[in-house]
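# Tertiary structure, described
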Amino acid sequence: AKKQNKTLDARQSSGINPWTGKAYSSRYQSILQTRLKLPVYKFQSELLEAVADNQIVVIEGETGSGKTTQIPQFLVEIGYATPGKSCVGCTQPRRVAATSIATRVAEEMDVTLGKTVGYTIRFEDISDPNETVLKFLTDGMLLREAMSDPFLSRYSCIVLDEAHERTLATDVLMGLLMEVLPKRKKGSKHGELKVVVMSATLDAEKFQAYFGGAPLMKVPGRTFPVEVFYTAEPERNYLEAATRTAIQIHQCEGPGDILVFLTGEQEIEQACEEIRLGAQDMGKDASELVVYPLYSSLPPAQQRKIFSAAPGPKVVGGKPGRKVVVSTNIAETSLTIDGIVYVIDPGFSKQKVYNPRIRVESLLVSPISRASARQRSGRAGRTRPGKCFRLYTEQSFHNDLQETTYPEILRSKMSNVVLTLKKLGIDDLVHFDFMDPPAPETLMRALEVLNYLGALDDEGDMTDLGRQMAELPLDPQLSKMLICSPDYNCSDEIVSIVASMSVPQIFLRPRENAKAADEAKAQFVDNTSDHITLLNAYATYEEIPQAERRDWCWNNFINDRSISSAESVKKQLKGIMRRLDIPLVTCRGANGSFDTNAIRMALTSAMYMQTAYLQSAGNYLTVKDNQIVYVHPGSSIDSKPQWVVFEEFALTSKNYIRTVTTTRGEWLVEMAPHYFDLENFPECEAKDELMLEYKKLARRMTR
Ligand code: ADP
Ligand code: MG
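Below is a short write-up of the structure. (Residues numbered from 1 in each chain as written. Chains lettered and ligands numbered in written order. Predicted model: local features only at pLDDT ≥ 70, side-chain atom pairs only at ≥ 80, totals over all residues. Heavy atoms only, no water.)

Right, let's talk about helix α23 (residues 560-579) for a bit. Compared with an ideal rise of 1.5 Å per residue, which puts 20 residues at 28 Å, α23 spans 29 Å between its outermost C-alpha atoms and is within 8% of the ideal. Of the positions making up α23, those classed as buried are S562, I563, A566, V569, K570, L573, I576 and M577. Each buried residue of α23 lies within a common arc of 125° when the element is viewed along its axis, so the set occupies one face. Exposed residues on α23 whose side chains face more than 90 degrees from its buried face are K571, R578 and R579. Its buried side turned inward, α23 meets α17 (464-471), α18 (476-484), α19 (491-501), α21 (530-543) and α22 (549-555). With its phi angle positive at about 60°, D581 sits one or two positions after the end of α23. (Helix = DSSP H or I, 4+ residues; strand = E, 2+ residues; numbered from the N terminus. Expected span 1.5 Å × (residues − 1). Buried < 20%, exposed > 50% of the residue type's maximum accessible area, 1.4 Å probe, protein only. Arc of directions from axis to C-beta. Contact = heavy atoms within 4.5 Å.)

If you want it as structure tokens, here you go:
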């Protein structure tokens, strides 16, 4: 390792960038100076030695110590990657982290993003198979790559970052690596595979044990004490409390930037607006306050703004300005913003919850864990002593919060993962080495759903349909819909719908302009289907000339960025469809209108497991699970149809179903008699109705 280090030093002093053959820029030199101060540098040789001697190494390090940005670079510099042959991959649980870190690392290495350093997230591959030596990718994408490359042969080294987050995909990857590593020992066909597991918390020992006693390295961070404040009484409205606290800090506290944790885009935008207004109210004499949001659907250029320095004083010698970043959980461990001195922690984040009994997976705003709360407060002590304002009581911290969050695998529906594992040839799910095995009921449910969809046969073996479904980077139900859509002569329409559903909300509805937004949306509304409403908007957009699209979006309250990503998603899905021989056919008539019945049949053919039936009492009941649900007020459906299928079951204050389409009893019994099997059906009005439908069907058949 000593010798290797010398080559690094030599390279750095030669002044020539080996990746580009050009002299290093002055920006490279200045970033290098800050990089060299990061705590991981002290461990560089020790770490590389551990990696050289072991197939797996676990690293535990304080957030901000330089793990994510530096360690993959160390591995690349020491020679683990060869352009066109092998590369170092670093996984991230979040898309924003993958793109943002790849951008930063390309800057640090003084190379072009998409060439030497790249990233891959779903529907976006900014990497070059012939040049990329360091690739950041979401854990889900690496899992997807494993399907076509089961030995992960293009990687010489995989860094599993943010392992403490225990996302579903990271957990599955760990299990998968346990199977792959013995086949990728030194001298094996694809060469040795190294794995570095990185975690920000003390869980590292659990990883070490799981990986059969791999060496554990600890990288201490550079942190300063953080004083923690609690509220005396519980806060009724954490959003209001958070903005109020931010403004108070700006007014009363010394210099230093503020980080506010909220749960999602809407809340974050609202808080940003209110903090800006509050700062204006302070008058001209107050120092400047700039506010930046951070959430995953934000355009990358705006995401990068969080790293810009706070404004200086308004007048020479005056009080310096301040930066406020209002962020989702992403700033908890994935991204480190230097200069934060104050943290505001309302104690909530959006978390996935799954109820296997009713097969509903949803994102709910839920209390965070004590471990998360500690991470959040730690963000205040990066550059000097800081303060953390927890917007809950101290008693609540100790008594109400859980110590750690349950791993996602225990909170997810597993159908997608099970399909992936089956495709990877892992048949014995019960004995697959999960770090925390999912509940048997959840696995059973997943197998059952895949069997209903026809992806697995009754023996649990993958069918041809299942193999095709696994090729599509979509939820199994959507994959099935796309594959079956040519039967209804509308695959062009279904691929547009699926693409539009794979991006952030296309219809904008700003609070202050809700009426105008609703009027704009009305042009696209099909009152039998939210899916078709979406299709109408998308299809109109496709026909607008490129140069006029921005204006058109603006005038029609359409999210420009979302709908243009939908277009790129559609293009990619069409590519996969071509490869899988799924014909592209349209149900559009000569007059340009869609055969909406055909589209609703195609939707029903894959969504029948999410059906609701209108009770005579006037409310909807989900079929088979008998949950009372309400059609979301934002839906295009204005009457109360007897049968509906729905995309999403949102467990909020009221059980809303969203993205809803009218369907028919006769379609259900024709398409899914194996699911609507009345022998195993709870007594309900829907059952009586289905019984009639079966009788009608029998009559039609005998005629
Ligand atoms: P860790 O993974 O250990 O939490 P990182 O490698 O993410 O640490 O961060 C190391 C340092 O790099 C931090 O000081 C962080 O602020 C800085 N950094 C990361 N991304 C950027 C960026 N886009 N612009 C400026 N600084 C950045
Ligand atoms: Mg990191």
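So, next bit.
Here we come to the sheet that holds strand β21 (residues 655-663). With mixed pairing, the five strands of this closed barrel are ordered in space as β17-β18-β19-β21-β20. Sheet twist, expressed as the average angle between the axes of neighbouring strands with direction ignored, equals 50°. Where strand β18 (residues 620-622) and strand β19 (residues 628-631) come together, two bridges link them in antiparallel fashion. From the neighbouring strand, L621 faces β19, where its bridge partner is I628. Contacts from helix α26 (residues 685-702) reach β17 (611-614) and β20 (643-651), with the element oriented near 95° to β17. (Pairing = 2+ DSSP bridges. Axes fitted to C-alpha atoms, helices over the stretch in contact; angles between N-to-C directions.)

Turning to the site of ligand 1, a few remarks are in order. Around ligand 1 lies a shell of 14 residues, among which G64, T68, T69, T336 and R382 are the nearest. A distance of 2.6 Å separates an oxygen atom of ligand 1 from a polar atom in the side chain of T68. Burial of ligand 1 by the protein amounts to 89% of the accessible area it has alone, namely 570 Å². With three residues, helix α4 (residues 67-77) is the largest single contributor of residues to the shell around ligand 1. (Near = heavy atom within 4 Å. Polar contact = N/O pair within 3.5 Å; in protein donor to acceptor, adjacent residues only side chain to side chain. Areas by Shrake-Rupley, 256 points an atom, 1.4 Å probe, with all protein chains shown as cover.)

Here we take up the packing of α18 against α19. At a closest axis distance of 9 Å, the pairing of α18 and α19 adopts a crossing angle of 160°. In terms of axis orientation, α18 runs roughly antiparallel to α19. Two packed elements cross with a definite hand, and for α18 against α19 that hand is left-handed. Only I494, V495, V498 and M501 of α19 make contact with α18, whose side of the interface consists of L478, M481 and L482. (Parallel < 35°, antiparallel > 145°, perpendicular 65-115°, else oblique. Left-handed = near helix turned anticlockwise from the far one by under 90°.)

So, on to the pairing of β20. Here three bridges tie β17 to β20, and the two strands are oriented antiparallel to one another. For A612, the partnering residue across the bridge sits in β20 and is V644. Two strands pair when backbone bridges link them, and β20 and β21 are joined in this way by eight bridges, in the antiparallel orientation. In the strand pairing of β21, F646 is matched with V660. Hairpin remark: β20 followed by β21, antiparallel, with three residues in the connecting loop.

Here the focus is the pattern of salt bridges. Inspection of every chain in the model, using the stated rule, returns 38 salt bridges. The residue K218 makes a salt bridge to E205 at a minimum N-O spacing of 3.4 Å. Note that K218 is positioned in strand β8 (residues 216-219) and E205 in helix α8 (residues 204-210), a separation of 13 residues in sequence. A salt bridge links D464 to R467; the shortest N-O distance between them is 3.1 Å. Separated by three residues within a single helix, D464 and R467 lie in helix α17, roughly one turn from each other. Judged by its relative accessible area of 58%, D464 is exposed. Judged by relative accessible area, R467 falls into the partly exposed class, the value being 37%. Shared partners join several salt bridges into a network, and the residues in it are R35, R104, E107 and E108. (Salt bridge = Lys/Arg side-chain N within 4 Å of Asp/Glu carboxyl O.)

Evaluated as defined, the whole model comprises zero disulfides. Summary of cysteine pairing: C490 is not part of a disulfide, and the nearest cysteine sulfur, belonging to C587, is at 5.1 Å. (Disulfide = S-S within 2.5 Å.)

The next subject is the nonpolar core. By size, the foremost hydrophobic cluster in this structure holds 115 residues, and its most contacted members are I494 and I599. Ranked by the residues each element gives to this core, the list is headed by helix α7 (residues 168-180), at eight residues. (Core = buried A, V, L, I, M, F, W, Y, C linked by side-chain atoms within 4.5 Å.)

We now examine the sheet that holds strand β1 (residues 56-61). Strands sit in the order β4-β3-β5-β2-β6-β7-β1-β8 across an open sheet of eight strands; the sheet is mixed. A strand with exactly one partner marks an edge of an open sheet, and here the two such strands are β4 (124-126) and β8. Across this sheet, the average inter-strand angle for adjacent strands is 20°, counted without regard to direction. Of the pairings in the sheet, the one linking β1 to β8 comprises four bridges and is parallel in character. Counted as the bridge partner of I59 is M217 from β8. Together, β2 (87-92), β6 (155-160) and β7 (194-199) form the strand contacts of α7, whose direction differs from that of β6 by roughly 145°.

Glancing now at the packing of aromatic side chains. All chains considered together, the criterion is met by 18 aromatic pairs. Between Y238 and F348 the ring centres are 4.8 Å apart and the planes differ by 25°, which places this aromatic pair in the stacked class. One end of the pair, Y238, is in helix α9 (residues 238-252); the other, F348, is in strand β14 (residues 348-355), and 110 residues separate them in sequence. On the accessibility criterion, Y238 (16% relative accessible area) is buried. On the numbers, 5.5 Å between centres and 55° between planes, the contact of Y608 with Y675 is tilted. (Phe/Tyr/Trp six-rings, centres within 6.5 Å; stacked < 30°, edge-to-face > 60°.)

Everything listed is a geometric property; what it means functionally is a separate question.
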